[in-house]
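# Remarks on the overall topology
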Amino acid sequence: MGKKVITRKELYELVCSKSLTQIAVELSVSVYGLRKICLERNIPLPPNGHWSKVKFGKPSILKDLPEGNSGSEEINLDGISETAETESPNILMDKGSREMAEAERIIYKVPERLTNPDPLITSTIKYLDAVKRYNWRSNKPYPDRINVLSIEVSNDCFSRALRIMDTVVKVLQERNHKINCGTFKCAAVAFGEEVDIRLRERKKVSDEKDKYGGRQLESTGKLAFIIGDSYRKKEIQDGLELLESKIPKIISVIEAEAERERNWRIEAAEHRKQEEERRRIAQEIKQQKDNEALRMKKLFLGATRLHQTNIIREYIKTIETNAIEKEQMTSELQDWIQWAIKKADWYDPLINGDDPLLDDVYKTTLFKDFLKEWQ
């Protein structure tokens, strides 16, 4: 959290939600100094055995925050670690704080025997047992893989693998994470992101060849906890230290991978948002250009039509004047002149007269072959 000033109410809510050990790590202060502050500011702490009860799903009653306080509502945490080191541990470290620290340590410890297994462990055992007993000749359906953890080990390592995976599952749940087990994979859900997890036994190529000349893989007894998909997987393996002592590292890597995935998704979402905005702006600019070009085209077509209409009217007037001067006006010519005048009104962009046979489409296509610039 990195917060050095906290209110009395905020500190009370913290001590009710997690152990003093966890809070001390998050605030970078001393457990002893933190407990002393709670006592001085009349902030009730969970009763002895509270976190053990919570761990095993038993009820535990917490006291309400008393009203009123002699000190300031704000608590300055600067210097708590230095102050705590000068105080006597026997005064600050009573049975309750020791019990909470011990509970914090125990939860990361892999037990020597599997007791009170998580339901996922139980369902995994039942599934693997059903697979072993399955006989395809019985015509019965193959066992359903429901809530089954990804464990790929030999029989010799099976008990150990169950205890390790049971511990990992319980620690993840203690840290408010979840486990999703699908048909083909199992994933830890931390910070809303899925991270693939599986426990397998490392194999080695056998020195002996089989009857076909090939070599088989044989068990090594060494386990590896695999985190992430095949492209970015990370392995935590048995080495000088067994996997049992690396539970904190496993949890840390799972949470780090989930955090990385969450940050990647946030960045990807922001990138998509920016890209969509860029496309929207580009589309908007293109639409503006297209609209402007269309307006310009209509302007040109209107001016061209008006110019052509004036030519047509001048032509009609010349025909009429020439016929009158030469006394060659006939009824047929008069009918043609009236027809031509109506056509000019129809074509005139300022009049746009109606025509029983020609619609508006013809105004832009009728003379297309003669006016190539209209294309």
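You'll find the structure just up there.
Residues numbered from 1 in each chain as written. Predicted model: local features only at pLDDT ≥ 70, side-chain atom pairs only at ≥ 80, totals over all residues. Heavy atoms only, no water.

### Quick notes on the layout of surface pockets
Its volume calculated, the second largest pocket comes out at about 250 Å³. Ser17, Lys18, Gln22, Glu26, Trp51, Glu174, Arg175 and Asn176 are the residues that line the second largest pocket. A per-class count over the lining of the second largest pocket returns one nonpolar, three polar and four charged. (1 Å grid on protein atoms, 1.4 Å probe; cavity = no way out; pocket = protein on both sides within 12 Å on 5 of 7 lines; lining within 4 Å. Points joined across faces, edges and corners; volume = space filled by probe spheres on them. Nonpolar A, V, L, I, M, F, W, Y, C, P; charged D, E, K, R; others polar.)

### A word on helix α9 (residues 155–174)
Between its first and last C-alpha, α9 extends 29 Å over 20 residues, near the 28 Å set by a 1.5 Å rise per residue. At Ala161, α9 is bent by approximately 25°, the largest bend along its length. Phi turns positive, to about 65°, at Asn176, one or two residues after α9. (Helix = DSSP H or I, 4+ residues; strand = E, 2+ residues; numbered from the N terminus. Expected span 1.5 Å × (residues − 1). Bend = angle between axes of the 7 residues up to and from the residue.)

### Looking at the state of the cysteines
For the structure on display, the rule yields zero disulfides. Cysteine Cys38 is unpaired, with the sulfur of Cys16 as its nearest cysteine sulfur at 9.6 Å. Of all cysteine sulfurs in the structure, the one in Cys186 sits closest to Cys181, which takes part in no disulfide; the separation is 3.0 Å. (Disulfide = S-S within 2.5 Å.)

### Topic: the environment of Ile316
By the secondary structure assignment, Ile316 is in helix α10 (residues 247–325). A residue is classified by how much of its surface remains accessible, and Ile316, at 5% relative accessible area, is buried. For the pair Ile316 and Trp336, spaced 20 residues apart in sequence, the C-alpha separation works out to 9.3 Å. Discounting chain neighbours no more than four positions away, the residues touching Ile316 are Ile337, Ala340 and Ile341. (Buried < 20%, exposed > 50% of the residue type's maximum accessible area, 1.4 Å probe, protein only. Contact = heavy atoms within 4.5 Å.)

### Quick notes on the packing of helix α2 (residues 20–27) against helix α3 (residues 31–40)
At a minimum axis distance of 9 Å, the contact between α2 and α3 shows a crossing angle of 110°. Viewed along their axes, α2 and α3 adopt a mutual orientation that is roughly perpendicular. Contact with α2, carried on its side by Leu20, Thr21, Ile23 and Ala24, involves Val31, Leu34 and Arg35 of α3 and no other residues of that element. In the contact of α2 with α3, the residues fall into five nonpolar, one polar and one charged. (Axes fitted to C-alpha atoms, helices over the stretch in contact; angles between N-to-C directions. Parallel < 35°, antiparallel > 145°, perpendicular 65-115°, else oblique.)

### Topic: the packing of helix α8 (residues 119–133) against α9
As a packed pair, α8 and α9 sit with axes 10 Å apart at the nearest point and diverge in direction by 155°. As far as their axial angle goes, α9 and α8 are roughly antiparallel. For the pair α8 and α9, the sense of crossing is right-handed. Contact with α8, carried on its side by Leu120, Ile121, Ile125, Leu128 and Lys132, involves Asn155, Phe158, Leu162, Met165, Asp166 and Val169 of α9 and no other residues of that element. A per-class count over the contact of α8 with α9 returns eight nonpolar, one polar and two charged. (Left-handed = near helix turned anticlockwise from the far one by under 90°.)

### Digging into the side chain of His177
Here His177 shows up in the loop between α9 and β4 (178–181). A polar side-chain atom of His177 sits 2.8 Å from a polar atom in the side chain of Glu255. Those residues in contact with His177 that lie beyond four places of it in its chain are Leu172, Val189, Ala190, Phe191 and Glu255. (Polar contact = N/O pair within 3.5 Å; in protein donor to acceptor, adjacent residues only side chain to side chain.)

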